[in-house]
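Results of the structural survey
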Amino acid sequence: MNPIVMAWRNLLRNRRRSLVTLLSIAFGIAALALFAGYTQTIYTGLANLSIHGEMIGHLTVNKRGWRTEGKLHPARFLLTPAEIAKVDAIVRKRLPQGHVLPRMGLDGMISNGRNSTIFIAEGIDPAALQLILGPLSGVHRNIVADKPNGVSVGEALASVLGLKRGGEASLLVGTIHGQANAADVEVNDVINTGNTATNDKFLLVPLQLTRSLKDVGEQAEWLTVLINTPAKAGGQLDKGMLAMLTTPAPDEATTIALRDRLLADFQAAGLDLEVRTWQDMSLYYKQVKNMYDLIFTLLLGIVLAIVVLSIANAMSMSVLERTREIGTLRAMGYRRVRVVGLFIAEACLQVGLGCLLGLLLFWLTSHAVNGANIQYVPPGNSVSVPLYIDFDPARTVFAMLLLGTLSIVAAWMPARKASSQQITLSLAHS
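Okay, so let's go over this structure. (Residues numbered from 1 in each chain as written. Predicted model: local features only at pLDDT ≥ 70, side-chain atom pairs only at ≥ 80, totals over all residues. Heavy atoms only, no water.)

1. Comments concerning the nonpolar core
Among the nonpolar cores identified, the biggest contains 28 residues, and Ile25, Tyr292 and Leu403 are the most heavily contacted of them. If you list the elements that add at least two residues to this core, you get helix 2 (15-53), helix 11 (283-321), helix 13 (336-371) and helix 14 (393-419). Tallying contributions element by element places helix 2 first for this core, with 11 residues. Tyr292 has contacts with Phe35, Tyr38, Thr39, Ile42 and Tyr43, leaving out every residue within four places of it along the chain. Among the nonpolar cores identified, the runner-up in size contains 21 residues, and Ile110, Ala169, Val187 and Leu209 belong to it. (Core = buried A, V, L, I, M, F, W, Y, C linked by side-chain atoms within 4.5 Å. Buried < 20%, exposed > 50% of the residue type's maximum accessible area, 1.4 Å probe, protein only. Helix = DSSP H or I, 4+ residues; strand = E, 2+ residues; numbered from the N terminus. Contact = heavy atoms within 4.5 Å.)

Here is the structure:
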């Protein structure tokens, strides 16, 4: 008789034990798949938050040494218009759909006329801002071309100074030559940066106003490179946040390969530049990813231990109760390998059915959660995000294969011991 048919009949003969084992496998796989899917969503969301929310972009280009000596000698490390044009031409040759966005930092004091506090700002062209925001474009952070002195103010900073849309404030900064410079600005928008660490000090300033305040002409401190034109979410925050959680970002292998090719192109063109990937610049992403990888590993170990022990217990009891059956099969001419294979086939059937049931439970649960529109505020955020569970096929399949391997071992050990026993002792077992 076919061993699979025999294994199936044996499972049906011990329905209660088989059902308990099957459910333990199913719930274990469902739990692992749900957590893996949730962490996959976290990774995707953090990546897009770094690229679009924090406006890092996919790659950052600056003069070599700018990060370490740029504050001491700012004029020496500015990119000239000619250098910006060269970089733009090289990037567009490599990336026909890519974009090069000049950027410049700014810091100083902001005043409402009565009180003052520090601010940090980023100068960027209004059109470039909408590009780099991607899914969040049109939702907030608005600076517009027809208001050259219009700025966007962090929500907490606006609250501290009592600033509102349409209000006015004054900026006091230092030029790259060490002189003081000031400008009156209009509060074009009050924005939530999404990060509690920056919400009380952040400004978005048009690039031309930033250049004027720092007295740098048409130069830039760094260039942000976008690999392609990001998809937009129609200016709705909920859709934008969902797109951030579900749109895969370029992985590290892709960005590193592109970085190396661009560095070679820049060197060939006589440009001494540094190129950093968004993974290099987002330390927070790496820390959170490492933490969730560790949690998943611990959870995988716990679930596997519980499920494998359940299978081992079921197989051991089955072998013990069927010792006389094993002796009868051996007396009929079944070889030890065939007897062991019968129990392994039972374990494989249980694991296979349990995995399929687990995937079904995962599918039902994830669709229920995703459709419920549950909102929560992650640590360090100041805006809520939807609870969304994606599917991580790589780690789910890995968990299933590992579970199947350990289950086969758990079935093989007691079956091998029982099949190695003398036939007369097995037949006499009671």
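2. Things to note about the pattern of salt bridges
Under the definition given, this model contains 17 salt bridges. Between Asp200 and Lys201 there is a salt bridge whose closest N-O contact spans 2.9 Å. When its relative accessible area of 35% is taken as the criterion, Asp200 is described as partly exposed. When its relative accessible area of 23% is taken as the criterion, Lys201 is described as partly exposed. Here Asp260 and Arg259 are joined by a salt bridge, their closest N and O atoms 3.2 Å apart. A single salt-bridge network, built from bridges that share partners, covers Lys289, Asp293, Asp392 and Arg395. (Salt bridge = Lys/Arg side-chain N within 4 Å of Asp/Glu carboxyl O.)

3. Some points on the packing of helix 4 (residues 81-94) against helix 9 (residues 252-268)
Where helix 4 meets helix 9, the closest approach of the two axes is 10 Å, and the angle between their N-to-C directions is 135°. Relative to helix 9, the element helix 4 lies oblique. Between helix 4 and helix 9 lies a crossing whose hand is right-handed. On helix 9, the residues touching Val87, Ile90, Val91 and Arg94 of helix 4 are Arg261, Leu262, Asp265 and Phe266. Taken together, the residues of the contact of helix 4 with helix 9 break down into 5 nonpolar, no polar and 3 charged. (Axes fitted to C-alpha atoms, helices over the stretch in contact; angles between N-to-C directions. Parallel < 35°, antiparallel > 145°, perpendicular 65-115°, else oblique. Left-handed = near helix turned anticlockwise from the far one by under 90°. Nonpolar A, V, L, I, M, F, W, Y, C, P; charged D, E, K, R; others polar.)

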